[in-house]
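Residue-level structural notes
Given next are the chains, with one letter for each unit.
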Amino acid sequence: MSRLCTGLGTSRLLPLLFFRCFLLLLLISKVKCDPLVHVDPLIGSRNGGNVFAGATLPYGLAKAVADVDGQNTGGFGLDGSNVTGFSSLHDSGTGGNPSLGNFPLFPQLCDGDDLSSCRFRIGDRKVRYRESSVKAEPGRFYIELENGVAAEMTSSEHAALYRFTFRPGEARQPVILLDLTDLWKSRQNASITVDEHSGRMVGNGTFLPSFGAGSYASYFCVDFFGPRVVDTGVWVNNRAGSEPKQIHVTRGFNLFYLEAGGFAKFALDRDGDRTVTARVGMSFKSAEQACSSAEREIPDALNDFDRLVSTARNIWREKLDPIRIKSGGAAKDIVRSFWSGVYRNMISPQNYTGENPHWDTGRPYFDSFYCIWDSFRVQHPLLTIVDPRAQVQMVQSLLDMYSHEGWLPDCHMSMCNGWTQGGSNADVVLVDAYVKNLSTTIDWELALEAITVDAEEEPLEWSYHGRGGLQSWRTLHYVPYLDFDPIGFGTNSRSVSRTLEYSYNDFCLATLADGLGRGQEFSKYMARSMNWKNLWKEDQISVINGTDTGFRGFFQPKYMNGTWGFQDPIACSSLATFCSLTTNPSETFEASIWQYMFFVPHAISSLISLVGGDDAFISRLDFFQASGLADISNEPVFLTVFLYHYAGRPSLSAKRIHTYIPNSFNATPGGLPGNDDSGAMGAFLFFSILGLFPVAGQNVYLITPPFFEEISIKSPLTGKTATVRNLGFDPSYKKLHIQKATLNGKKWTRSWIGHEFFTHGWTLELELGAHESDWGSKPQDRPPSWRA
């Protein structure tokens, strides 16, 4: 026996061995519990999920990834298309036109080592990638191109670091170009200057937001490290030259799009280190700020890569740390989907503090609210729970936009106003924060002022902020079909969906007014919140393929004179034709009248009475969910999955969510049913698995059994841990019915709970069974609902 153990004796040795084993088990458990093990950024990178799959920090400005010419809305798509460049600004999960992707780099070896044979234009230089090579994890993205170039990248807050490795045995000297473009090719004008000796590239461009008005400027600063620079210059179309060292391009004749940029050529040893490292700083203010940010955040580019990856992973762990799960044997794919969904909710909105060229309050500034119509329902409620400090900063940023621009946004990206899709839904985000007592530092009087402006003052251009049709809203108490509105202008459509959304916006305004002691305003706006009833047509039927569905009563458009217009209740559904804002605007936005029938979150009990009672309401919900009319790929359907609670049948909500998970939400690259919309799909999945679904704008979470045996969330504000626990958990999900519930050991009969559950650290235990019980069925146990 060694001297270390001599004289310890058995009685002392065993406890020491036990302690060491205990420490080892702790270490192993920590490794197993690392949430990053379960995060897959490639979920949603195929079939229209449009996620950002690259390297970023939570809410980071810099977002590095390979850009493709296929599904490239978020930059990269795992769709087997071609890589066109590597860029450092992106949004995540958006629809429509691809967003950002400014100033991509592209590495290549040119035929004959001749500059004139290089391929500079996107259509000529693009190259396929090896799908099996793609590796994405928080803080790092790696890909190999079929031309033999491998690229890996990571990021800091405002800069990205790329390592381009060329295969050995090549005598040709690599060229790396920078393209003065973006993914949408929206560039209006741009400039670049290339340093002859170092190869440093600095410049800027003016671009259009992919879903909004106006334009924005962005700036770059690229430095190269490793091999010696042997040539630099600029290029236009497919021609390049060593002189001059700068260029300025515009749209040109007939708005012709000119492809142009800069390049640097490097001397590499044939069999030595064949890696070129590129550091890219980005800014919305100046090239000088882009350079200084990159130099400060990545001071030693040749040696900082692993440090940046490690730092990013630690920061991501910290963000996910409040959440703990005990899967209880649930499928690993559901675990992966759950953690990946939370991860994606912290990619956007983005922290642009110090980067806003229009104002600087000295407070954090967030942008890329893309769009609030998508995110107010579940994404912001998720952040309120797991990252409330960031959510407070986002709320404050919305109020700063109001203070400096005069209006709350419905959509805002790259410091530009985005198009308004429905109501003034920043109102809901603000009031959701208020009813959940998110912060005592928010100026709620200013919030009341901002929301009241939305409700009462119509802007001249209401297509990108505020509300249109307010004159009719005040006098007729609905938004008319073909409204005459000479006060302001926008797309004169969506009369049904805007009526419903304005109604809920006014309910939120009434809620805030009531909380701030404004009794008169409360009464006024609560009355207006029931305006949705004025578009209810009692005798309207719905026919599908020539067969009457048997349901009577639907919302319908109404003219200013009170007569009815018509929109087929199934129009704009998956059974008909999708309705967009621009190409085929209708009286509902991106959803059918069937779907919007259920959007009265504050007054579901009134809707239940309108359709004929609980059984009639459930019959409609069942038909809607089972017939193909419910489009789970779009946010308006989210809450409908859980509306059975309001008819006293919470078990039916539990059964319904299991028809969507994992069928429509799974851990494959095509595992999202539609655009992630800045994380909205992931947030829907999170709350569904958690078993507490939020009604945004109200202090209400609807209770269903979690998909795991136990989920705990530690409040970052109070430090207290809330736990939802299934008793009798069955990972095959044959026990989906709550038999009884206890809250902190005491009987709980309500089918809903408030946000205090999270901030006070309560424990909710659910006893499950194979058959539906009467739990949550009594009128007094149903979620709150306004009646007028």
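- The name given to the protein in an unreviewed UniProt entry is Glycoside hydrolase family 92 protein, and the organism recorded there is Drechmeria coniospora.

1. Examining the sheet that holds strand β31 (residues 752–753)
- Across the sheet, which stays open at both edges, the 3 strands sit in the order β25-β26-β31 with antiparallel pairing between neighbours. The sheet is open, and its two borders are formed by β25 (692–694) and β31, each paired with just one other strand.

2. As for the environment of Q698
- Here Q698 is to be found in the loop between β25 and β26 (701–703).
- Placed 56 residues apart in sequence, Q698 and G754 show a C-alpha to C-alpha distance of 8.8 Å.
- The residues contacting Q698, other than those within four sequence positions of it, are D432, V435, K436, Y504, F507, P601, H602 and P784.

3. Some points on the packing of aromatic side chains
- One pass over the structure, following the stated rule, counts 45 aromatic pairs.
- Plain terms: the ring middles of F686 and F687 are 5.0 Å apart, the flat faces sit at 75 degrees to each other, and that makes the pair edge-to-face.
- Seen in terms of ring centroids, F707 and Y733 are 5.3 Å apart; in terms of plane orientation they differ by 55 degrees. Their pairing is tilted. Taken together, the residues span a long stretch of sequence, with F707 in the loop between β26 and β27 (710–714) and Y733 in the loop between β28 (721–727) and β29 (737–743) at a distance of 26 residues.
- Members of the aromatic cluster, connected to one another through ring pairs, are F338, W339, F638, F642, F665, F684, F686, F687, F693 and F708.
- When the ring centre of Y502 is taken as origin, the NZ or CZ atom of R467, which lies over that ring, is 5.0 Å away.

4. Quick notes on the packing of helix α8 (residues 388–405) against helix α10 (residues 444–456)
- The N-to-C vectors of α8 and α10 enclose an angle of 60 degrees; their axes lie 10 Å apart at closest approach. One element, α8, and the other, α10, form an angle in the oblique class. Crossing of α8 against α10: the hand is left-handed. Residues L399, Y402 and S403 of α8 lie in contact with α10, whose contacting residues are L446, A447, E449, A450 and V453.
- For the contact of α8 with α10, the class distribution of residues is 6 nonpolar, 1 polar and 1 charged.

5. Comments concerning the pairing of β28
- Strand direction decides the pairing type here: β27 and β28, joined by 5 bridges, are antiparallel. Residue pairing in the sheet places K714 in a bridge with T721 of β28.
- Linking β27 back to β28 in an antiparallel pair, the connection comprises 6 residues, with G719 at a positive phi of about 75 degrees.
- In the sheet, β28 pairs with strand β32 (residues 763–769) via 5 bridges, with the strands oriented parallel.

6. Points about the packing of helix α7 (residues 379–386) against helix α18 (residues 680–690)
- One can describe the packing of α7 onto α18 by two numbers: an axis separation of 8 Å at closest approach and a directional angle of 60 degrees. One element, α7, and the other, α18, form an angle in the oblique class. The two elements α7 and α18 meet at a crossing, and its hand is left-handed. Judged by residue contacts, Q379, P381, L382, I385 and V386 of α7 engage A683, F686 and F687 from α18.
- Along the lines of polarity and charge, the residues of the contact of α7 with α18 split into 7 nonpolar, 1 polar and no charged.

7. With respect to the environment of I315
- Position of I315 among the secondary structure elements: in helix α4 (residues 305–320).
- I315 sits 458 residues away from S773 along the chain, and the two C-alpha atoms are 44 Å apart.

8. Describing the UniProt feature "domain: Glycosyl hydrolase family" (unreviewed entry) in the protein
- On the UniProt side, "domain: Glycosyl hydrolase family" (unreviewed entry) is annotated at positions that read residues 289–769 here.
- In this annotation, residues 289–769 is assigned 37% helix and 14% strand; the end-to-end C-alpha distance for the span is 60 Å.

9. Side note on the sheet that holds β28
- Judged by pairing direction, the sheet is mixed, and its 6 strands sit side by side in the order β18-β27-β28-β32-β29-β30 without closing on themselves. Looking at the sheet topology across the chains shown, the edges are occupied by β18 (323–326) and β30 (746–747).

10. Focus on the domain arrangement of the protein
- Taken as a whole, the protein is organised into domain 1 (42–317), domain 2 (323–349 + 645–787), domain 3 (352–467) and domain 4 (492–500 + 511–637).
- Inter-centroid distance (C-alpha atoms) of domain 1 to domain 2 is 41 Å.
- In this assembly, 25 residues from domain 1 lie in contact with 22 residues from domain 2.
- When domain 1 packs against domain 2, close to 1700 Å² is buried across both sides, 58% of that on carbon and sulfur atoms.
- When the buried area of domain 1 at its contact with domain 2 is split by residue, I43, Y59 and W316 rank highest and sum to 38% of it.
- There are 0 salt bridges connecting domain 1 and domain 2.
- Applying the counting criterion to the domain 1 and domain 2 interface returns 11 residue pairs in polar contact (both at pLDDT 80 or more).

11. Here's the deal with helix α17 (residues 650–657)
- Buried residues dominate α17, accounting for 7 of its 8 residues.
- Those residues of α17 that sit buried are P650, S651, L652, S653, A654, R656 and I657.
- Tucked into the core, α17 has its buried residues touching α16 (614–626), α18, β26 and β29.

12. Thoughts on the side chain of Q625
- With respect to the helices and strands, Q625 occurs in helix α16.
- By relative accessible area, which is 8% here, Q625 ends up buried.
- A distance of 3.0 Å separates a polar atom in the side chain of Q625 from a polar atom in the side chain of T640.
- When neighbours within four sequence positions are excluded, Q625 is seen to be in contact with A630, T640, V641, Y644, R656 and Y660.

Conventions used here
Residues numbered from 1 in each chain as written. Predicted model: local features only at pLDDT ≥ 70, side-chain atom pairs only at ≥ 80, totals over all residues. Heavy atoms only, no water. Pairing = 2+ DSSP bridges. Helix = DSSP H or I, 4+ residues; strand = E, 2+ residues; numbered from the N terminus. Contact = heavy atoms within 4.5 Å. Phe/Tyr/Trp six-rings, centres within 6.5 Å; stacked < 30°, edge-to-face > 60°. Lys NZ or Arg CZ within 6 Å of the ring centre and 35° of its normal. Axes fitted to C-alpha atoms, helices over the stretch in contact; angles between N-to-C directions. Parallel < 35°, antiparallel > 145°, perpendicular 65-115°, else oblique. Left-handed = near helix turned anticlockwise from the far one by under 90°. Nonpolar A, V, L, I, M, F, W, Y, C, P; charged D, E, K, R; others polar. UniProt positions renumbered as here; feature names shortened; annotations may be inferred. Domains from an automatic or database assignment. Buried area = accessible area lost by both parts, 1.4 Å probe. Salt bridge = Lys/Arg side-chain N within 4 Å of Asp/Glu carboxyl O. Polar contact = N/O pair within 3.5 Å; in protein donor to acceptor, adjacent residues only side chain to side chain. Buried < 20%, exposed > 50% of the residue type's maximum accessible area, 1.4 Å probe, protein only.

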